[in-house]
Amino acid sequence: MLSLLVRPIRRSAGMFLESDSPRQLAAGFALGMVLGLLPKGNLIAVSLCILLFSMRVNTGLGLVAALVFSATGAILDPFADKLGMAVLSSGSLQASFATVYSLPLAPWFDFNNTVVTGSLLIGLYFIYPVYWLTYVVCCWFNANKSQWALARASVAEPSDADQPVDRRAA
Amino acid sequence: MTRMLRWQYALPRLALLIVVLLAAQFVLGYLVRWQVVRSGERSVGAVVEVGDTRVSLLGGRVTIRDVRVANTEAPMRNLLEADRCEFQFEPKALLHKQTIVERGRIDGLRFGTDRATSGAIADSVAATDAPLPGWLDDEAITRAREWLDRLHEKFERDLVEQLDSIRLTDELLARWPQECESLVQRVRELRERTSKFQTQVRQAEANPLRHGEVLDQMPDELARIRADVNLLNNELQDLPDLTKSDRRAIVAARKHDEQFLKEELRIESIDPNVLTAYLLQQRLTGPVADLVGWLRWIRRMVPAEKPRQVAERKRHHRGREVAFVGCPRVPDFVVRSLDLRGTARLGGQSIELVGTLSDLSDEPALHGQPMRLRLTTTGSMPLELQATIDRTGPVARDQLLVDCGGIVLPKLLLGGSNKLRLSLAPTTASINVSLTLEGDRLSGDVQLVQKQVQISPSVGEGLEHVHLADALAGSLGDIRAVATRISLRGTLDEPRCELWSNIGPAVAEAMDRALARTANYQAGQMLAQAQEKVGERLAELDRQIAEQQSELRPQLAGSNDTLELLAGDRRITGRLSFEQLGCRLPADSLFR
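Quick caveat, the model's predicted, so the values are computed rather than measured.

The helix and strand tally for chain A stands at eight helices and zero strands. Mapped from its N terminus to its C terminus, chain A presents α and β elements in the order α-α-α-α-α-α-α-α. Expressed as a percentage of its 170 residues, the buried residues of chain A come to 36%. Within chain A, residue pairs in contact and separated by at least 24 positions form 73% of the contacts whose partners lie at least 6 positions apart.

All names here are of chain B. Relative orientation of the contacting elements helix H4 (residues 164-206) and helix H7 (residues 244-264) amounts to 155°, with a least axis distance of 7 Å. Judged by the angle between their axes, H4 and H7 are roughly antiparallel. Contacts between H4 and H7 involve Asp164, Ser165, Leu168, Thr169, Leu172 and Arg175 from the first element and Asp246, Ala249, Ile250, Ala253, Arg254, His256 and Asp257 from the second. By residue class, the composition of the contact of H4 with H7 is five nonpolar, three polar and five charged.

In this section: the interface of chain A and chain B. Of the residues lining the interface, 32 residues belong to chain A; the matching set on chain B comes to 21 residues. With both sides pooled, the region where chain A packs onto chain B buries about 2,500 Å², and carbon together with sulfur makes up 54% of that total. For the chain A face of the interface with chain B, the top three residues by lost area are Arg56, Trp108 and Asn112 of chain A, together amounting to 23%. Along the contact surface separating chain A from chain B lie three salt bridges. For Asp81 of chain A, the salt bridge goes to Arg320 of chain B, with nearest N and O atoms at 2.7 Å. There are nine residue pairs in polar contact (both at pLDDT 80 or more) connecting chain A and chain B. For the side of chain A that touches chain B, the secondary-structure elements that each account for two or more residues are helix H3 (43-54), helix H4 (59-73), helix H5 (77-88), helix H6 (94-101) and helix H7 (114-156) of chain A. Considered class by class, the residues forming the side of chain A that touches chain B number 20 nonpolar, eight polar and four charged.

Residues and elements named next belong to chain B. Strand order in the open sheet formed by three strands is S10-S11-S14, and the pairing between neighbours is antiparallel. Pairing within the sheet leaves two strands with one partner each, and these edge strands are strand S10 (412-417) and strand S14 (455-459). Strand-to-strand twist in this sheet, taken as the mean axis angle between neighbours without regard to direction, amounts to 15°. Bridge count for S10 against strand S11 (residues 420-424) is four bridges, and the pairing is antiparallel. Looking across to S11, one finds that Ser417 is bridged to Leu420. On the sheet, helix H8 (residues 272-301) packs against S10 and S11 and is oriented at approximately 115° with respect to S10.

Once that is clear, we can look at the pairing of strand S7 (residues 371-377) of chain B. For a regular strand, side chains alternate in direction, first toward one face of the sheet and then toward the other. Residues and elements named next belong to chain B. In this structure, strand S6 (residues 349-361) lies alongside S7, joined through six bridges in antiparallel fashion. Residue pairing in the sheet places Leu357 in a bridge with Leu373 of S7. In this structure, S7 lies alongside strand S8 (residues 383-390), joined through six bridges in antiparallel fashion. Counterpart to Arg374 in the pairing with S8 is Gln386. Hairpin connection, S7 to S8: the antiparallel pair is bridged by five residues.

Bringing H8 of chain B into the picture now. Residue and element names in this part refer to chain B. An ideal rise of 1.5 Å per residue puts 44 Å on 30 residues; H8 measures up with 41 Å between its terminal C-alpha atoms. The largest bend along H8 measures about 50° and falls at Gln281. Its side-chain oxygen 3.1 Å from the backbone nitrogen of Asn273, Asp271 forms the N-cap of H8.

Residues and elements named next belong to chain B. A contiguous nonpolar surface patch, about 750 Å² in accessible area, is contributed by Trp7, Leu11, Leu14, Leu17, Ile18, Leu21 and Leu22. Looking at where Leu22 falls in the secondary structure, it is placed in helix H1 (residues 7-44). Take Leu22: its relative accessible area is 61%, and that puts it in the exposed class.

Within the secondary structure, Asp257 of chain B sits in helix H7. Arg254 of chain B is the oppositely charged side chain nearest to the buried, salt-bridge-free Asp257 of chain B, at an N-O distance of 6.1 Å.

We now examine the confidence of the model for chain A. In low-pLDDT regions, the fine details of the predicted coordinates are not to be read closely. Residue and element names in this part refer to chain A. Here chain A averages 82 in pLDDT, and 79% of its residues register 70 or above. No element of chain A has a lower mean pLDDT than helix H8 (residues 165-169), which averages 46, and none a higher one than H5, which averages 93. Every residue in residues 164-170 scores below 50 in pLDDT, and together they form five contacts with partners more than four places removed in sequence or on other chains.

In this section: H3 of chain A. All names here are of chain A. End to end, H3 covers 16 Å across twelve residues, agreeing with the expected 16 Å (1.5 Å per residue, within 8%). For H3, the set of buried residues is Ile44, Ala45, Leu48, Leu52 and Ser54. Of the residues flanking the start of H3, the one acting as N-cap is Asn42, its side-chain oxygen 3.2 Å from the backbone nitrogen of Ile44.

Residue and element names in this part refer to chain B. On the secondary structure map, Glu90 appears in the loop between strand S3 (78-89) and helix H2 (91-95). Counting along the chain gives 31 residues from Glu90 to Gly59, while the straight-line C-alpha distance between them is 9.5 Å. Among residues more than four places away in sequence, those in contact with Glu90 are Ile100, Glu102 and Arg336.

Let's shift gears to the pattern of salt bridges. Residue and element names in this part refer to chain B. This model, assessed by the stated rule, comprises 35 salt bridges over all chains. For Arg84, the salt bridge identified is with Glu86, shortest N-O distance 2.3 Å. Here Arg175 ties to Glu179 by a salt bridge, and the two come within 3.5 Å at their closest N and O atoms. With Arg175 and Glu179 both in helix H4 and four residues apart, the pair spans about one turn of that helix. For Arg175, a relative accessible area of 30% corresponds to the partly exposed category. With a relative accessible area of 37%, Glu179 lands in the partly exposed category. Salt bridges sharing common partners tie together Glu161, Asp170, Lys533 and Arg537.

All names here are of chain B. Among the structural elements, Thr427 can be located in strand S12 (residues 427-438). The exposure class of Thr427 is buried, given its relative accessible area of 6%. Apart from the residues within four sequence positions on either side, Thr427 is in contact with Ile407, Val408, Leu409, Gln450, Lys451, Gln452 and Val453.

Further remarks concern the environment of Ala344 of chain B. Residue and element names in this part refer to chain B. Its location among the elements puts Ala344 in strand S5 (residues 333-346). Considering only alpha carbons, one finds Ala344 and Gly112, 232 residues apart in sequence, at a separation of 8.4 Å. Excluding residues within four positions of it along the chain, Ala344 makes contact with Phe111, Gln349, Ser350, Ile351 and Leu353.

Okay, the pairing of strand S9 (residues 397-409) of chain B next. Residue and element names in this part refer to chain B. Two strands pair when backbone bridges link them, and S8 and S9 are joined in this way by eight bridges, in the antiparallel orientation. Its bridge partner lying in S9, Gln386 is registered against Leu401. Where S8 folds back on S9, the antiparallel hairpin that results is connected by six residues. Two elements, S9 and S12, share eleven bridges in a ladder whose sense is antiparallel. Opposite Val402, over in S12, you have Val433 as the bridge partner.

The rules behind these values
Residues numbered from 1 in each chain as written. Chains lettered and ligands numbered in written order. Predicted model: local features only at pLDDT ≥ 70, side-chain atom pairs only at ≥ 80, totals over all residues. Heavy atoms only, no water. Helix = DSSP H or I, 4+ residues; strand = E, 2+ residues; numbered from the N terminus. Buried < 20%, exposed > 50% of the residue type's maximum accessible area, 1.4 Å probe, protein only. Contact = heavy atoms within 4.5 Å. Axes fitted to C-alpha atoms, helices over the stretch in contact; angles between N-to-C directions. Parallel < 35°, antiparallel > 145°, perpendicular 65-115°, else oblique. Nonpolar A, V, L, I, M, F, W, Y, C, P; charged D, E, K, R; others polar. Buried area = accessible area lost by both parts, 1.4 Å probe. Salt bridge = Lys/Arg side-chain N within 4 Å of Asp/Glu carboxyl O. Polar contact = N/O pair within 3.5 Å; in protein donor to acceptor, adjacent residues only side chain to side chain. Pairing = 2+ DSSP bridges. Expected span 1.5 Å × (residues − 1). Bend = angle between axes of the 7 residues up to and from the residue. Patch = residues over 30% accessible without salt bridge, like charges linked within 9 Å, V, L, I, M, F, W, Y side chains within 5 Å. Areas by Shrake-Rupley, 256 points an atom, 1.4 Å probe, with all protein chains shown as cover. Lys, Arg positive; Asp, Glu negative; His and termini not counted. pLDDT = per-residue confidence, 0-100.

Put into structure tokens, the structure is as follows:
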């Protein structure tokens, strides 16, 4: 009975985790994190979205991360605003910003918005730590996944314990 | 890195994107239509309907057909309607996140057309203009009405019976019955006295010895009675002369009557400004209220709120936008030039409108140019309208200039009541409007000049008998042009209106002349009427006097005859002497 209830969750998790390597999973999650932190409606968010779908990363985990960080990312807005303002107000960068901003399509990126720039910088700053942590978690998960499967199989059918592992996995 | 890219994933999607772009110009039509309806309804607060929308991505052109914007205050009418709107966008500006309509054209523009269905939005509250409290000079209208009431009262009164000549005549007539009665009584007494005296005399004559004393006094008594008869006769004879003094007093009273009538029919002149307000204020209330309503509508559509605040609210809710040094801020939406063609109704006439709307922007402060609207007519009525809506500075400034040279005005009825109305025949007029709304302060003038006017006055029923309307018509016939100026002051919520017109002074002057003529005429009429009444009453008095004379004279004559008879019988007036008495004794009398 309990397995019936847990099965959909387990299969959903498998859909996100089973067919990709830990590296792809971690990259997808990190990209999703950056996408989630950014305000939507600008070309930076659109570019990140295209990147997420175009690269060989785990799209599902990336979308989950984007949803999670979209919901919680507004908490960081005050800090992102200050950070973005500090960067965008930097006197030495004004000429560069102005030159870039005057390029075609540049205004659509909304990088003159303090929260957009601040969130992007926060995302970029944390992209590698998040990638690394996710990678570690995924490796640990992959390493223990076989043992969990063996343990589940032995509980379910003790006579099958002598059969080859590959057949059990199939 | 190339190993990371999923070409089998990206390429189909790229192909799909191209297909989407090709289909975009069809899909965008629906999106533009949705956006026009949504933003239009949000800003106007009434239903906005769009017939067909086409977008040409290559040409950078958007065409919208059959646009109808309902009127919030009258949901069964359209605020405006257009057959075709064409906008030519600047493609480069789109790359810079700007929507610039380089030029556009709206054809078939109409205002105030009827709708088949209600244009009210269910959950929106119609922004109704607050009434304009106290902006009219109500006191002036009240004063004018009071003046007209007094005027009617003066001419409706019957002053004839209050004249001195009439009063004196009535007093004389009232006195006459008493005098007549007194005379009749005296005649009656005299006749009785005569009869009694005759009886005494006859008795005394029958027995003179016994009534010797009576006979002795008889001549004196006879003389007294005759004197009284003569006196009464003389009085009766002089009876018409007795009223001579009264008649003289009546004649003298006529001069007083003239003065009295002049005073009573004298009417103080009315203040020309009061008369102007009375005649024009209510007639002009509607058009001026409409004008103020249009200014209010402009303020609702283009609020005076600081554009930056609007822009901040409109933009991202998250974060702030930083303007880089050397990178000027520009508005998101600009319409550089929009040609307008349509029709409108003015003064009951249909006119063809041609005009240009330029520098329409969502952030005028960044655009740096105020929005300008210029409309001219192509028909027989030359009209030029220029509106400037300036939101570039810290204080919102709206200016409206209208110059209309040949509007044909229909027949107009001026005046707040039936006691005095002026009817103006259809005429051509020129209208000049110059209004400025700076912040919330309203200032400006509306001028109306009507040429070759024909004014027909009418007065209340109470004044018809004195022919005031005719006299007024004669005086107003000299007026050839009517100029009216309305000065607007105050604020948009509490506008104040000052009215000036040459019709007020002209009518006041004509009224003075007409009233003076009417008063003289009326006074003459009343004096003649009074004279006629006095004559009638005095003739009646004369007739009564003559009647009385003819009635009393025979009676006095009878008394006189009796006295004459008595006197004739007594040729020897006085007492008989003893010799006479002895002679009258019989011859054989012992005493003879």
